[in-house]
Structures are given as structure tokens and as C-alpha cells.
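Descriptive structure summary
Letter by letter, the chains look like this.
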Amino acid sequence: AHQHCTMRGPGLPTGLMLAVLGATAGTGSGASAMMTTMARTVTALAQARAMSGLAASRASARVPVSRSSVRMASSTPPPSEPVSPVGAAAPASLASSPRSGRSGKPSPIWELDLYTRPVTNDAGKKLWELLVCDSNGVMRHVEPLPSSLINSRELRKRVQALIDRAEVRPTQVRFFRSEMQSMIGVALSELPVLTVPTRRTYELRNWLETRYRDAYPAMPGYNEALAAEERARPALERISTKMPDALRGDKWVFVDLPISELRGPNPSIDASNIGFGTIFSTEDIDVPDDTPIPGLLITSGRAEPLAAWMSGTELASISVDLESGDLTLEVGIDTQYMFAKLWDLKQREEAAAFTRACREARGLHFIAVQRELDDDSVQGFWLLRNYDI
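Residues numbered from 1 in each chain as written. Predicted model: local features only at pLDDT ≥ 70, side-chain atom pairs only at ≥ 80, totals over all residues. Heavy atoms only, no water.

Considering the overall build of the protein
Let me state the cut-off plainly: What counts as a helix is a DSSP run of H or I of at least four residues, what counts as a strand is a run of E of at least two, and both are numbered from the N terminus. Calculation of accessible area relied on Shrake-Rupley with a 1.4 Å probe; when residues are assessed, cover is drawn exclusively from the protein chains displayed.
Within the protein one finds seven helices and 17 strands. Summed over its atoms, the accessible surface of the protein is roughly 17,000 Å², and 53% of this surface lies on carbon and sulfur atoms.

This is the structure we're talking about:
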């Protein structure tokens, strides 16, 4: 069950509503939302002040939100637990030339994957495939490769050829597979690009998801068992590390917003109003327009430097372990920061609601950073996706 607040939220240009995620009917968390009229804003702020800034009421129903739903970074956990920081060369006929995906201008940030696919030849050998796209999804390149040519020298030749005929030359090439880090790093080390190992390759991952659904099953030699094996592959186990102090916030709360705010010809959330954050296209993700996207709102008196630091972490997703009570930030290619410890049942219920909403949204979620819950601008908004949920 969701309870909507009437505090102004991330300062977005339409009546964006951020809703508190509650585990059951009548259970909610403090959140923020942008008001469409000054009168509603004044009402919300008056209610917020009356509740010490930690709760608000729905404008229509006047349903109060629990004070405990906004988590304080300075709150003290039970003494039996440690204090955790909060805040913070194939035949030419098989090779594909760069081709158009979406309309628009290609980005200078490229995303790359070189890996096997669930397709085998007559000898039973898996198809190797090179996929390259820009982060706007305008340029897309597909190239199958025989296993005998899977090495850094051959990869370098193919990427250099793509660069030579690109409409917009890349400044970065990003990749998400840690098992290919050595080969890709060596292959691109002599090219005039910055190589970035990161799980923040959403355009590529979303495109790859589409190919697993539509392209590979139509190929001769498709093997459903191999596809199922790839889908079932567990995420690499990581040990959470202490989050840097620069990423700490003052308060945090689970919130959500409708995916329609990110879609269409004139979305209310775009690159012009997300501060230090980043977003990506959700058009190809099969999620209805009324689907709520869950998120984590962090407030801080130093919101701008916090957002600036967060933008440099290659923030990839939020993870929740309900058994251990760990709320973590997944960053880079294999790093996990401990964001908060969920100490009590209510916190875990809210985290469980967040996880369910994330699953229903096909892994989509977000993090927003602003100064106060009733602030009218956002210092950072990052759209994220968890592919392991």
C-alpha cells in the first residue's frame, strides 16, 4: 500500500508525485512530492512543520505518515549491533556495420560486450558475439566471431574500425562483465578512449535482454538450455565495505514515482533537471506506464557535494538482503557499499515492499539526493536497474 505525501520533491517540472512504500495497508514512509499549485505547497509545508519535518499528509485524504519512516543517519541502533553508516575475424558477410537504433545524436559514451550466446554451430561450439552501442541507443553494432579470434588483438582491431567510421567518436568505452575485464582492458589500452569497467551499462544490458527474447531464439542452433543457464547464473558474491564518509546523508526514505514521468515525447524527468544524476531510456522495457518505480530519497545539508561524489561512484543499483537486514549500494563493476542496516521489523517490511516494487518494475528503481524533504530542487537523480532481482 502506498501513501502519497504532499511535500515538494525533486523539483521536476510537472506534478511529480513521490509515494511512500508501505509493506501493508496503512503502513507508510515519509517521502516528498512536487506540488502543482502554490496553495497545495503551502498546505504541505504547514503540515510538515507541524510534524517536525519528518512526516506529511496526503492533500486529499489527510492520512498521516509515520515519523519513523524517515531514517536518520545519526540514529543509534540497538546496542547489541555494530553501528553502520547511513547515507551514504568473422567472414565479411557476417559482420555488421554500425547501424541505427533510436533516432537522435549518438553519444560519445560507448558500451561493449564480448561474450558467448545461447547459439551453437554444427560442431556444438557456442557463438561468440561482439555488441557495441552508444549510451543513447542510436548506434548499434553486432558482429559474430569464431572462438579462434577471441583475443585482445582482434578485439582492438574491430573497435578501432568502429571508431574510424563512427559519426561521433567515443571518449569512453564501458563494459560490465568482470570475467572479460583483462582482455577488454588490454584490447582498449592503446586506443584513444577511457576504458570504464562498470555495471552502469543500461543501454547495452537492455538491448541484450531484447536480443535474448527476440533475436537468439530465431537463430539456427539456438539452445534454450544455454539461455536458461545464463538467466539462472547467480550474481557474484560480494562482501560489503564501509561506505566513504563523503557519501553519507542525513536522512533517507523509500519513495516511488510512476514510470510515465520518464517516458513519452515530453517526460517531466530529463537531463535538464536531474542535477549530477543520469537517466536512460525505458521505452524498450516492457513495463506499463502506470507502474510505480521505487526509489531511495536521501537528504543532506551538503546535498550538492554528496551528489557530486555519488556521480563519481558508477552507481549501478540498490540491493536489499532481508535476511541480514543489509541495504547496500552496488557501484562500479564489483563493489558493494553498506548504506544502512535495517534494524527492526517495520524497516524490513518497507524494504520488502521496495523489493517487490522493483521486481514488478523489471528491476527499475532510482536514487535521488536533495537538501530537505520539502526542497524544490534535486541535486542528483539516478535511474538504476537491477538485472539480478
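Let us keep going from here.
Some details on the side chain of glutamate 143
Operational definition: Under this definition, polar contacts are N or O atom pairs within 3.5 Å; protein pairs additionally need one hydrogen-donor-capable and one acceptor-capable atom, and for neighbouring residues in sequence, both atoms have to be side-chain atoms.
In this structure, glutamate 143 sits in strand S7 (residues 139–145). At a separation of 2.9 Å, a polar atom in the side chain of glutamate 143 contacts the side chain of histidine 141.

Description of the pattern of salt bridges
Operational definition: The term salt bridge refers to a pairing of a side-chain nitrogen on Lys or Arg with a carboxyl oxygen on Asp or Glu at a separation within 4 Å. Think of it in three bands: with a 1.4 Å probe and only protein chains considered, a residue is buried below 20% of the maximum accessible area for its type, exposed above 50%, and partly exposed in between.
Summed over all chains, the structure comprises 24 salt bridges. Across the salt bridge formed by arginine 153 and glutamate 154, the nearest N and O atoms sit 3.6 Å from each other. In this structure, the salt-bridge partner of arginine 169 is aspartate 164, at a minimum N-O distance of 3.9 Å. Arginine 169 sits in the partly exposed class, given a relative accessible area of 48%.

A word on the sheet that holds strand S15 (residues 335–341)
Stated formally: Strand pairing is assigned whenever DSSP identifies at least 2 bridges connecting the two strands.
Taken together, the four strands give an open sheet; going across it, the order is S10-S15-S14-S13, and neighbouring strands pair in mixed fashion. Strands at the two margins of the open sheet, each flanked by one partner only, are strand S10 (241–242) and strand S13 (315–321). Across six bridges, the pairing between S13 and strand S14 (residues 326–331) is antiparallel. Paired with serine 319 across the two strands is threonine 328, which belongs to S14.

Details of the packing of aromatic side chains
Stated precisely, the cut-off is as follows: By convention, a stacked pair of Phe, Tyr or Trp rings (six-membered ring in the case of Trp) has centres within 6.5 Å and planes under 30 degrees apart, an edge-to-face pair has planes over 60 apart, and any other such pair is tilted. Lysine and arginine charges are scored as sitting over a ring when NZ or CZ, respectively, is within 6 Å of the ring centre and within 35 degrees of the ring normal.
Summed over the entire model, instances satisfying the criterion amount to seven aromatic pairs. Relative to tryptophan 128, the ring of tyrosine 115 has its centre 6.2 Å away and its plane inclined at 65°; by these criteria the two rings are edge-to-face. Within this pair, whereas tyrosine 115 is found in strand S5 (residues 109–120), its partner tryptophan 128 is found in strand S6 (residues 126–134), the two being separated by 13 residues in sequence. Summarising the burial analysis for this pair, tyrosine 115 and tryptophan 128 share the class buried. Here the aromatic cluster, defined as three or more aromatic residues joined through ring pairs, consists of Trp252, Phe254, Phe339 and Phe354. A cation sits over an aromatic face here: arginine 177 above tyrosine 115, 3.9 Å from the ring centre. We note arginine 205 situated over the ring of tyrosine 387; from NZ or CZ to the ring centre the distance is 4.1 Å.

Some thoughts on helix H3 (residues 181–188)
Under the convention used in this document: Directions drawn from the helix axis to the C-beta atoms are what define this arc. Contacts were defined at the residue level, with two residues in contact if any of their heavy atoms lie within 4.5 Å.
When H3 is considered as a whole, its buried residues turn out to be Ile184, Ala187 and Leu188. Looking straight down H3, one finds that the buried residues subtend no more than 85° of arc, so they occupy a single side. Contact partners of the buried residues in H3: S5, helix H2 (152–164), strand S8 (172–175) and strand S9 (194–197).

A look at the pairing of S7
Burial analysis of S7 places seven of its seven residues in the buried class, which makes it a mostly covered element. Here S7 shows two buried faces, one formed by Met139, His141, Glu143 and Leu145 and the other by Arg140, Val142 and Pro144. Between S6 and the antiparallel strand that follows it, S7, lie four residues; glycine 137 among them carries a positive phi value of about 75°.

Quick word on the packing of H2 against H3
We count it as follows: Here an angle of 0 to 180 degrees is reported between the N-to-C directions of two axes, which are lines fitted to C-alpha atoms, with helices fitted over the stretch in contact. Angles below 35 degrees are treated as roughly parallel, those above 145 as roughly antiparallel, those between 65 and 115 as roughly perpendicular, and all remaining angles as oblique. In this scheme the crossing of two helices becomes right-handed for a clockwise turn of the near helix relative to the far one and left-handed for an anticlockwise turn of less than a right angle. Polar here means any residue outside two lists: the nonpolar Ala, Val, Leu, Ile, Met, Phe, Trp, Tyr, Cys and Pro, and the charged Asp, Glu, Lys and Arg; Gly therefore counts as polar.
Between H2 and H3, whose axes approach to 8 Å, the crossing angle comes to 55°. On the basis of their axis angle, the class for H2 and H3 is oblique. Crossing hand, H2 versus H3: right-handed. Contacts between H2 and H3 involve Ser152, Leu155, Arg156 and Val159 from the former and Met183, Ile184, Val186, Ala187 and Leu188 from the latter. Tallied by class, residues from the contact of H2 with H3 come to seven nonpolar, one polar and one charged.

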